[in-house]
Amino acid sequence: MSCEISPLSEYTGVEARGVDLSQPLDGDTRARLNQAFVDASVIVIRDQSLTADQLVTAVQNFGEIFPQHNTKFALPECPQIHYLSNQDRYPDGTRYIPGAGYHTDHSNAAEPPKATVLYAIELPDSGGDTQYVNMQQAYEDLPEETKTRIARLKGTHVYQSKHSARKLMGLTDEAKKKVPDAVRHPIVRTHPENGRKSLYLNPIRIEEIDGLDETEALDLLNELLEHAIQEKYQYRHRWRLGDLAMWDNRCLLHKANGDYDHGQTRYLYRVMLQGDKPV
Ligand code: SIN
């Protein structure tokens, strides 16, 4: 395959063309795509045409599949894939926009997913972008005093923090048995593949920070989040049909935008890849 890789923004994101993920990848192409993912944190592989089973096979070029928590969204015919759809509703009838509000995926796991892969099946005519924030860049620009203050702090992550502005869809009984009650992860983590430090925050899941009272913890989290989501650290992905995007949950926050006509459907397949314990 003659794969071309080019940047999508200054710090974050590359696109790859000339790759057909429905076919086995040669070793050189696989290594280049994996390296581009580690270097740029988001890789968008354009012009794919994949069945659910082909997607499951394709993502294993990049790692081992992570079992997602809320089995309510699993595809019956291929449960390793979950779907994201703007056509689902909360039990009270209001529309559910999965992924709205900055977060990193499944940080309430002891070993959270290193990557999330989305594959666009149906898109609105405009809007519905995914926004990413580069938490390595944001960490590196912090004042030294802040870096020292947060160096050894750990946050407690739960399925849904009582402080979260966004309400998640309830877990199925089956999922509740598998999801840990709480895990502690460092606020600053080191990337296991490129060695860079990044902020590891999740406003939806962090409930406490060791050694800080509730007000101090929330003030600190808000201060760090406000710093991180500045436009200069963002990459905004405008989806095209056939896009397969894979991002690095170890060093990015992301969010879905619900800013489009909900008479139109936004429907994507989602698969995650196993990561390590954050350190
Ligand atoms: C997610 O948070 O995993 C979904 C992001 C999106 O739908 O753009």
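Heads up: these notes are all about the structure in this document. Because the structure is predicted, anything quoted here is derived from the model rather than measured. (Residues numbered from 1 in each chain as written. Predicted model: local features only at pLDDT ≥ 70, side-chain atom pairs only at ≥ 80, totals over all residues. Heavy atoms only, no water.)

## Comments concerning the overall build of the protein
Across its full length, the protein carries 6 helices and 17 strands. If one aligns the C-alpha atoms of the protein with their principal axes, the spans along those axes are about 50 × 45 × 35 Å. Here the protein holds 279 residues, and 55% of them are scored as buried. Long-range contacts, defined here as pairs at least 24 residues apart, represent 82% of the contacts in the protein between residues at least 6 apart. Of the roughly 12600 Å² of accessible surface on the protein, 46% is carried by carbon and sulfur atoms. Positive and negative side-chain charges in the protein, numbering 32 and 41 respectively, have mean positions lying 2 Å apart. (Helix = DSSP H or I, 4+ residues; strand = E, 2+ residues; numbered from the N terminus. Buried < 20%, exposed > 50% of the residue type's maximum accessible area, 1.4 Å probe, protein only. Contact = heavy atoms within 4.5 Å. Areas by Shrake-Rupley, 256 points an atom, 1.4 Å probe, with all protein chains shown as cover. Lys, Arg positive; Asp, Glu negative; His and termini not counted. Charge placed at Lys NZ, Arg CZ, Asp CG, Glu CD.)

## Points about the packing of aromatic side chains
Counting across every chain of the model gives 7 aromatic pairs. Ring geometry for F73 and Y96: centres 5.9 Å apart, planes at 15°, overall stacked. You can see F73 sitting in the loop between β4 (65-66) and β5 (74-75) and its partner Y96 sitting in the loop between β6 (78-85) and β7 (115-122), a full 23 residues away along the chain. As far as burial versus exposure is concerned, F73 and Y96 are alike and both buried. Arranged with centres 6.2 Å apart and planes meeting at 5°, the rings of Y132 and Y235 form a pair that is stacked. In this pair, Y132 sits in strand β8 (residues 130-134) while Y235 sits in strand β14 (residues 234-237), placing the two residues 103 residues apart along the sequence. What makes Y132 buried here is its relative accessible area of 0%. Among the aromatic residues, those joined into a cluster by ring pairs are F73, Y83, Y90, Y96, Y267 and Y269. In this structure, K72 packs its charged tip against the face of F73, placed 5.9 Å from the ring centre. If you follow K147 out to its NZ or CZ, it ends over the ring of Y139, 5.2 Å from the centre. (Phe/Tyr/Trp six-rings, centres within 6.5 Å; stacked < 30°, edge-to-face > 60°. Lys NZ or Arg CZ within 6 Å of the ring centre and 35° of its normal.)

## Observations concerning unusual backbone geometry
The phi torsion at D47 lies on the positive side, around 60°, for a residue other than glycine. Mapped onto the elements, D47 comes out in the loop between β3 (42-45) and α2 (52-59). The exposed category is assigned to D47, whose relative accessible area is 56%. Residue H106 is not a glycine yet carries a positive backbone phi of 50°.

## Some remarks on the site of the ligand
The immediate surroundings of the ligand are formed by L84, G99, H103, D105, L118, T130, W247, H254, A256, R266 and R270. H103 is positioned such that a nitrogen or oxygen atom in its side chain is 2.9 Å from an oxygen atom of the ligand. Interatomic distance of 2.8 Å between a side-chain N/O atom of R266 and an oxygen atom of the ligand. In isolation the ligand has 260 Å² of accessible area, and contact with the protein removes 99% of it. Tallied by class, the residues present in the shell around the ligand amount to 4 nonpolar, 4 polar and 3 charged. (Near = heavy atom within 4 Å. Polar contact = N/O pair within 3.5 Å; in protein donor to acceptor, adjacent residues only side chain to side chain. Nonpolar A, V, L, I, M, F, W, Y, C, P; charged D, E, K, R; others polar.)

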